[in-house]
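# A closer look at the structure
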Amino acid sequence: MADPDREIWEKVLSHLRAHEHEICRQWFDDIEPIGVADGVYRLRAPQDVHRNYLEKHCSEVFSAAVQSVTERLLTVRFIGPMDAAPQHATGNGHSKTNGKPRKQVIVPPVGANAGPSWRESLPVSPDHTFDNFIVGQENRLAHAAAKAVARDAGCEYNPLFIYGGVGLGKTHLLQAIWLEVKATRPDANIHYTSAEGFTTDLQAAMQSGQLADFRDRVLNLDLLIIDDIQFLTGRASTREEFFHTFNNLHQAGRQIVLSSDAPPDDIPDLESRLVSRFKSGLVIDVRPPVFETRIEILKRKASIRGLTIPDDAASFIAQHVQRNVRELEGAITRLQMIQQLDGRRLSLESVRESLGETIKELKPQVSTDQLIASVTDYFNVRLPDLQSKRRQKSIAFPRQVAMYLLRQHTRFSLEEIGGYFGGRDHTTVMHAVRTIARKRTEDETLDHFIESVEQRFGLDAE
Ligand code: ADP
Ligand code: MG
């Protein structure tokens, strides 16, 4: 091949598809290799949102893949479609080798809002577009409302409040709104955050005397999206300020979109004035997908990951995996792995074979609470500590053990486990699982503890 950069990239891509299937996406095909300069191998993402995904989830694995393919100490850096590729890198502060601080790179700020008491928007997955959202009778209205808001922010559906159980597409819809607005009105000022993130920022602003600044920032938004508003907490003064911020924004005709696991009336401890504010626009639910929707979702999810599932196999899966869409995704991840391992095309038989185990896995064999209780008892910590941001070893270590146990013995995804432990990233969970697996081989006491938990609940040791 004439182009060495492309040649490296193609090898890296097949390496990733073979070894890192959980992060791989079909659109990786659209990544363009730029080249190597001063120890940095640059790749151009098709859109900024892809670049963000890559930066967030893929930096380390991509660098490791490039190093393994080229046998050179290279670091991967991602750039967006509009970012200029430097002619030559300075090499100063650029390389992100393991353990070294990253950044000092001139990354355009995400939104114009980066500030001390205002965290960046939550990351948005490029997969969560309206196109990739399968519409069925269970989510038709929520989908239509989300589309309407994306088309015409500040419309009559304000606030738009979407609620429903876990894994039914609320976050997907919120992010689809984000993606659509960004695509159609790139200048729109959008903030996408969690209830926890928003209150933390608000509290920080209040404590540091920057409340006026915070209010201005909020009032400058065209669209405020808050995920999982059921976790709105904080002191009375914070909630008071939240109420006013919300009102001001609403009165200024700016669009607010909220998601929750329950309708406003059923959110525990939510004061009535907020309940009535949340109900003042459109409140709409998403329900678990019916069989036909499940089949469609499966096919779409599979194609995003570059997998083809035959019809009979898709209906077999849809019959057996029913509860929520995340479980369907889990099934797909498993099929992807199986296909990679034995290189066959998927067939009803291979799916049946592999799903046998998935179905077993999906049955709760032990509850999350039981696993966590065994960790908190043993290490003498409290669950809120594990869910907090605290990083000292006496907490961080039990947290990693809990993540490990949940990952090994429950059906929850890396994302879900990360979310549960204080909104951490899925790579943090991956790291915890690897760390504990390694430590088990070195630390007999730890190994013994984990074995005893597994024995107590009759779990298969992996
Ligand atoms: P929630 O926020 O309601 O817990 P998510 O939006 O995180 O759920 O959805 C979980 C996963 O299921 C996501 O990967 C999402 O893309 C997928 N999903 C849920 N509903 C749909 C749908 N109708 N079409 C396509 N994917 C869906
Ligand atoms: Mg969600």
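Now for a look at the structure at hand. Just so we're clear, the structure is a prediction, and the values are computed from it rather than from any experiment.

In the segment running from Asn-158 into Pro-159, the intervening peptide bond is cis, with an omega of -5 degrees. Position of Pro-159 relative to the elements: it lies in the loop between helix 4 (140-151) and strand 4 (160-163). If you check the backbone angles, Glu-71 has positive phi at about 55 degrees while not being a glycine. Phi angles above zero are rare outside glycine, and Asp-228 is one such case at about 55 degrees. Inspection of the secondary structure puts Asp-228 in the loop between strand 6 (223-227) and helix 8 (236-251). Taking relative accessible area as the criterion, Asp-228 reaches 27% and is therefore assigned partly exposed.

Turning next to the site of ligand 1. Taken together, 18 residues form the shell around ligand 1, and within it Gly-167, Lys-170, Thr-171, His-172 and Lys-301 come nearest. Within the backbone of Ile-134, one N or O atom sits 2.8 Å away from a nitrogen atom of ligand 1. Interatomic distance of 2.8 Å between a side-chain N/O atom of Thr-171 and an oxygen atom of ligand 1. Out of a free accessible area of 550 Å², ligand 1 has 93% covered by protein chains. Among the elements of the structure, helix 5 (170-184), helix 10 (291-304) and helix 12 (325-342) are those that each provide at least two residues to the shell around ligand 1.

Leu-160, Ile-162, Leu-173, Ile-177, Trp-178, Ile-225 and Val-257 are the most contacted members of the largest nonpolar core, which has 28 residues in total. Those elements that provide at least two residues to this core are helix 4, strand 4, helix 5, strand 5 (190-194) and strand 6. Broken down by element, this core gets its largest block of residues, 7 residues, from helix 5. Beyond its immediate stretch of four places on either side in the chain, Ile-225 contacts Leu-174, Ile-177, Trp-178, Ile-190, His-191, Tyr-192, Thr-193 and Val-257. Ranked by size, the runner-up nonpolar core spans 26 residues in total, among them Val-375, Leu-405, Leu-446 and Ile-450.

Turning to the pairing of strand 7 (residues 255-260), a few remarks are in order. One face of the sheet, then the other: side chains in a regular strand alternate in exactly this way. With respect to burial, strand 7 is a largely interior element, 6 of its 6 residues being buried. Where strand 4 lies against strand 7, 4 bridges are found, and the strand directions are parallel. Across the sheet, residue Leu-160 finds its bridge partner in strand 7, namely Val-257. Of the pairings in the sheet, the one linking strand 6 to strand 7 comprises 4 bridges and is parallel in character.

Turning our eyes to something else, we now look at the sheet that holds strand 1 (residues 32-37). With respect to topology, 3 strands assemble into an open sheet ordered 1-2-3, the strand pairing being mixed. Sheet topology places strand 1 and strand 3 (75-79) at the edges, where each strand pairs with a single neighbour. Adjacent strand axes in the sheet meet at a mean angle of 25 degrees, parallel and antiparallel pairs treated alike. Pairing between strand 2 (residues 40-44) and strand 3: 5 bridges, direction parallel. Looking at the pairing, Val-40 lines up with Thr-75 of strand 3.

Our focus in this paragraph is the packing of helix 16 (residues 393-409) against helix 18 (residues 426-442). Packing of helix 16 against helix 18 brings their axes to within 8 Å, and their N-to-C directions diverge by 95 degrees. Between helix 16 and helix 18, the angle falls in the class roughly perpendicular. Between helix 16 and helix 18, the contacting residues are Phe-397, Gln-400, Val-401, Met-403, Tyr-404, Arg-407 and Gln-408 on the first element and Thr-428, Val-429, His-431, Ala-432, Val-433, Thr-435, Ile-436, Ala-437, Lys-439 and Arg-440 on the second. Looking at the contact of helix 16 with helix 18, its residues break down into 9 nonpolar, 5 polar and 3 charged.

Conventions and cut-offs
- Residues numbered from 1 in each chain as written.
- Chains lettered and ligands numbered in written order.
- Predicted model: local features only at pLDDT ≥ 70, side-chain atom pairs only at ≥ 80, totals over all residues.
- Heavy atoms only, no water.
- Helix = DSSP H or I, 4+ residues; strand = E, 2+ residues; numbered from the N terminus.
- Buried < 20%, exposed > 50% of the residue type's maximum accessible area, 1.4 Å probe, protein only.
- Near = heavy atom within 4 Å.
- Polar contact = N/O pair within 3.5 Å; in protein donor to acceptor, adjacent residues only side chain to side chain.
- Areas by Shrake-Rupley, 256 points an atom, 1.4 Å probe, with all protein chains shown as cover.
- Core = buried A, V, L, I, M, F, W, Y, C linked by side-chain atoms within 4.5 Å.
- Contact = heavy atoms within 4.5 Å.
- Pairing = 2+ DSSP bridges.
- Axes fitted to C-alpha atoms, helices over the stretch in contact; angles between N-to-C directions.
- Parallel < 35°, antiparallel > 145°, perpendicular 65-115°, else oblique.
- Nonpolar A, V, L, I, M, F, W, Y, C, P; charged D, E, K, R; others polar.

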